[in-house]
Number of protein chains: 2
Amino acid sequence: MYQGGSDEFLGPQDPIVCASLDFGIDFEAKVAVITGDVPRGCAPDRALDSVRLVMLANGVVLRTLIPDELARGGGFVQSKPAAAFSPVAVTPDELGDAWMKGRVHLTLQSAWNGRKVGMCDARRDMTFHFGQLIAHLCKTRNVRAGTIVGSGPVSNKGVEKKGKTEWPNGYSCIAEKRAMETIQDGQPSTEFMQWGDTIRIEMKGRDGSSIFGAIAQEVESMS
Amino acid sequence: MYQGGSDEFLGPQDPIVCASLDFGIDFEAKVAVITGDVPRGCAPDRALDSVRLVMLANGVVLRTLIPDELARGGGFVQSKPAAAFSPVAVTPDELGDAWMKGRVHLTLQSAWNGRKVGMCDARRDMTFHFGQLIAHLCKTRNVRAGTIVGSGPVSNKGVEKKGKTEWPNGYSCIAEKRAMETIQDGQPSTEFMQWGDTIRIEMKGRDGSSIFGAIAQEVESMS
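From a predicted model like this one, the values you see are computed outputs, not experimental measurements.

Enquirer: Help me out: how do you make sense of the overall build of chain A in this one?
Expert: For chain A, the count of helices and strands is 4 helices and 15 strands. What you see for chain A is a C-alpha radius of gyration of 17 Å, in line with the 17 Å of a compact globule of 223 residues. Principal-axis analysis of the C-alpha atoms gives chain A an extent of 45 × 40 × 30 Å. A buried classification covers 52% of the 223 residues belonging to chain A. Accessible surface for chain A amounts to roughly 10,200 Å². Of this, 49% is attributable to carbon and sulfur atoms. Mean positive and mean negative side-chain charge positions of chain A (25 and 27 charges, respectively) differ by 7 Å.

Enquirer: Quick question: what am I supposed to make of the layout of surface pockets here?
Expert: A probe matching the size of a water molecule, rolled over the atoms, marks out where space remains unfilled. Residues and elements named next belong to chain B. Its boundaries defined by the atoms lining it, the second largest pocket holds a volume of some 150 Å³. Taken together, Arg115, Lys116, Val117, Glu166, Trp167, Gly170, Tyr171, Lys177, Met180 and Gln184 form the lining of the second largest pocket. Of the residues contributing to the lining of the second largest pocket, the split by class is 4 nonpolar, 2 polar and 4 charged.

Enquirer: Just checking my understanding: could you explain the environment of B:Met100 for this structure?
Expert: All names here are of chain B. For Met100, the position within the fold is in strand β7 (residues 99–100). Since its relative accessible area comes to 35%, Met100 is described here as partly exposed. Sequence-wise, Met100 and Glu166 are 66 residues apart; in three dimensions their C-alpha atoms are separated by 27 Å. Contacts of Met100, omitting those with residues within four sequence positions, involve His105 and Arg123.

Enquirer: Help me out: how do you make sense of the packing of aromatic side chains in this one?
Expert: Any two aromatic rings considered together are summarised by their centre-to-centre distance and by the angle between their planes. The final tally for this structure, using the stated rule, is 8 aromatic pairs over all chains. Between B:Tyr2 and B:Phe76, the ring centres sit 5.4 Å apart and the planes meet at 90°, which makes this aromatic pair edge-to-face. One end of the pair, B:Tyr2, is in the segment before β1 (16–18); the other, B:Phe76, is in the loop between α2 (66–72) and β6 (84–85), with 74 residues separating them in the sequence. Judged by relative accessible area, B:Tyr2 falls into the partly exposed class, the value being 28%. Centroid distance B:Phe27 to B:Trp112: 6.0 Å. Interplanar angle 65°. Geometry classified as edge-to-face. A residue pair is termed long-range when its members are at least 10 positions apart, and B:Phe27 in the loop between β2 (25–26) and β3 (29–35) and B:Trp112 in strand β9 (residues 107–112) qualify at 85 residues. Assessed through its relative accessible area of 0%, B:Phe27 is described here as buried. For B:Trp112, a relative accessible area of 11% translates into the label buried. A cation over an aromatic ring shows up here: A:Lys80 above the ring of A:Phe76, its NZ or CZ 4.5 Å from the ring centre.

Enquirer: Hey, could you run me through the sheet that holds β6(B) in this one?
Expert: Whether parallel or antiparallel, the strands of a sheet pair through hydrogen bonds between backbone atoms. Strand order in this open sheet of 4 strands is β6-β4-β3-β11 (chain B), and the pairing throughout is antiparallel. Each of the sheet's edge strands pairs with one partner strand only, and the pair in question is β6 and β11 (148–150) of chain B.

Enquirer: Please clarify how empty space enclosed by the protein should be interpreted in this entry.
Expert: Scanning all chains against the criterion turns up 4 cavities of 30 Å³ or more. Of the pockets and cavities examined, the largest cavity occupies roughly 110 Å³. Residue lining of the largest cavity: 14 residues in total, with A:Val17, A:Pro81, A:Ala82, B:Arg40 and B:Thr140 positioned closest to the centre. Ranked by residues supplied to the lining of the largest cavity, first place goes to strand β1 (residues 16–18) of chain A with 3 residues. Residue classes in the lining of the largest cavity are distributed as 9 nonpolar, 2 polar and 3 charged. Around the second largest cavity, the lining is made up of 13 residues, and of these A:Arg40, A:Thr140, B:Val17, B:Pro81 and B:Ala82 lie nearest the centre. Class assignment of the residues belonging to the lining of the second largest cavity gives a composition of 9 nonpolar, 1 polar and 3 charged.

Enquirer: Hey, could you run me through the pairing of strand β10 (residues 115–121) of chain A in this one?
Expert: Strand residues, when the strand is regular, have side chains that alternate between the two faces of the sheet. All names here are of chain A. Inspection of the sheet shows strand β9 (residues 107–112) paired to β10 by 6 bridges, in the antiparallel sense. When the bridges of β10 are listed, Leu108 appears paired with Cys120. Hairpin connection, β9 to β10: the antiparallel pair is bridged by 2 residues, and Asn113 has positive phi, about 55°.

Enquirer: What is the right way to read the pattern of salt bridges from this model?
Expert: Pairs can form between side chains of opposite charge whenever their charged atoms are close. Residue and element names in this part refer to chain B. Tallying each qualifying case throughout the model produces 16 salt bridges over all chains. We note a salt bridge from Arg63 to Asp26, for which the minimum N-O separation is 2.8 Å. You can see Arg63 sitting in the loop between β5 (61–62) and α2 and its partner Asp26 sitting in strand β2, a full 37 residues away along the chain. Classification of Arg63 as buried rests on a relative accessible area of 17%.

Enquirer: Can you help me understand the interface of chain B and chain A in this one?
Expert: When the parts of a complex come together, some accessible area is lost, and that lost area is often used as the size of the interface. Contact with chain B, which involves 33 residues of that partner, is made by 33 residues of chain A. Taken over both partners, the interface formed by chain B and chain A buries close to 3,200 Å², and the fraction arising from carbon and sulfur atoms is 49%. Counting every contact that joins chain B to chain A gives 2 salt bridges. The shortest N-O distance in the salt bridge between A:Arg144 and B:Glu8 comes to 2.6 Å. Here chain B is connected to chain A by 22 residue pairs in polar contact (both at pLDDT 80 or more).

Enquirer: Would you mind showing me how to read the relation of the copies chain B and chain A here?
Expert: In screw terms, the move from chain B to chain A is a rotation of 180° and a rise of 0.0 Å along the axis, fitting with an RMSD of 0.0 Å. What the superposition gives is, in effect, a two-fold axis relating one chain to the other. Scanning chain B for the C-alpha nearest the rotation axis identifies B:Gly75, at a separation of 1.8 Å.

Enquirer: What exactly am I supposed to notice about the side chain of A:Thr140 here?
Expert: Looking at the secondary structure, you find A:Thr140 in the loop between α3 (130–137) and β11 (148–150). Apart from the residues lying within four places of it in its own chain, the contact partners of A:Thr140 are A:Arg40, B:Phe23, B:Leu62, B:Leu65, B:Gln78 and B:Pro81.

Enquirer: What should I look at first to understand the environment of B:Trp99 in this one?
Expert: Residue and element names in this part refer to chain B. Residue position: Trp99 is located in strand β7. Given the relative accessible area of 17%, Trp99 is considered buried. Taking the C-alpha atoms as reference points, Trp99 and Arg123, separated by 24 residues in sequence, lie 9.2 Å from one another.

Thresholds applied
Residues numbered from 1 in each chain as written. Chains lettered and ligands numbered in written order. Predicted model: local features only at pLDDT ≥ 70, side-chain atom pairs only at ≥ 80, totals over all residues. Heavy atoms only, no water. Helix = DSSP H or I, 4+ residues; strand = E, 2+ residues; numbered from the N terminus. Rg over C-alpha atoms; globule rule 2.2 N^0.38 Å. Buried < 20%, exposed > 50% of the residue type's maximum accessible area, 1.4 Å probe, protein only. Areas by Shrake-Rupley, 256 points an atom, 1.4 Å probe, with all protein chains shown as cover. Lys, Arg positive; Asp, Glu negative; His and termini not counted. Charge placed at Lys NZ, Arg CZ, Asp CG, Glu CD. 1 Å grid on protein atoms, 1.4 Å probe; cavity = no way out; pocket = protein on both sides within 12 Å on 5 of 7 lines; lining within 4 Å. Points joined across faces, edges and corners; volume = space filled by probe spheres on them. Nonpolar A, V, L, I, M, F, W, Y, C, P; charged D, E, K, R; others polar. Contact = heavy atoms within 4.5 Å. Phe/Tyr/Trp six-rings, centres within 6.5 Å; stacked < 30°, edge-to-face > 60°. Lys NZ or Arg CZ within 6 Å of the ring centre and 35° of its normal. Pairing = 2+ DSSP bridges. Salt bridge = Lys/Arg side-chain N within 4 Å of Asp/Glu carboxyl O. Buried area = accessible area lost by both parts, 1.4 Å probe. Polar contact = N/O pair within 3.5 Å; in protein donor to acceptor, adjacent residues only side chain to side chain. Least-squares fit on C-alpha atoms with pLDDT ≥ 70 in both.

Written as structure tokens, this is what we have:
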């Protein structure tokens, strides 16, 4: 878990503005929750009750800035600029059966330049449910109403097929695709985002309707 | 540089509430500034112009939780709970000559259990001035009005005396005192804060008056 900036957020259709492609611009399609007040030391089950709203997030990441920040040990400052959120956040009860034990039992769709690259099950491989994540955060502090807690990019484990690993559900960030390529081919071949690239993140309910609306952003040069 | 939580701050006389002394409770006496809006990619000199207010801070740190968080690479979440700030913040011009090139040219006083342990020069050994710190923060993002940027604990370099290093100005956090002891004696001997311990942080102007008022906190058990 890391702390992100909260002084600037991006709207769901705001451009991802960046000074250089050398920063390695990546998206991260996630589920996020907004909490009420949570007291210090709250246990996971009770922390889960503090979830007021559920939404989608795009955690923009500048991959090539990460190694230096990891080496300094202070977490991600320059490498994780402003995040974007879905136009709609819903109360957990709006998700019905799809909100189960702190996880969202639906498919998170990511389309990069109009091509579906991720159809990831947001529940199946989520190691810690949102109650556990919030409990981790509030171990030593009170967590105040309006706090946003993200899941990390939604990812599904690979499956073995004829002695090779495949990922039929795709990916929710390019770094993951590059990791798949490295496992399969010994090196990554997919580049990070280019100027004008688009990313669309959406989740549909069992009736096929979009629950949160879409995050739909374009990468734009600062100059 | 790391990102701290901003959902909960402590008032200048609020207790430092903690579940266990095993967390290694420490204070960090710092100078902090509050910025206006700063555009992405702003240079240090212009970033310095964005400083609207100057104040003092106590960055509470739970030292024994740091190694695990460093190992995970995501920065300080559990190990740096809510920070406290001085009762008064002043505009840079109120500091007169003491605000020089992005640094405060005055002595930061720390008194632990009523005993003066730090009389540290806040300017002399500050490696990066506030304009440089803000520029680092805004390299890849816009920084929004109201953002708080802290200096880190104020610290002065040791001086050589008869072949030994001494620190006549004392310290602004216990971890630093323990590092001094390790250098001098091979191991630390000062324990972290105990229940009921107090920390008072203050800075006086050249006329002897307290500029920001005092941060005066007591360590309190959660139970």
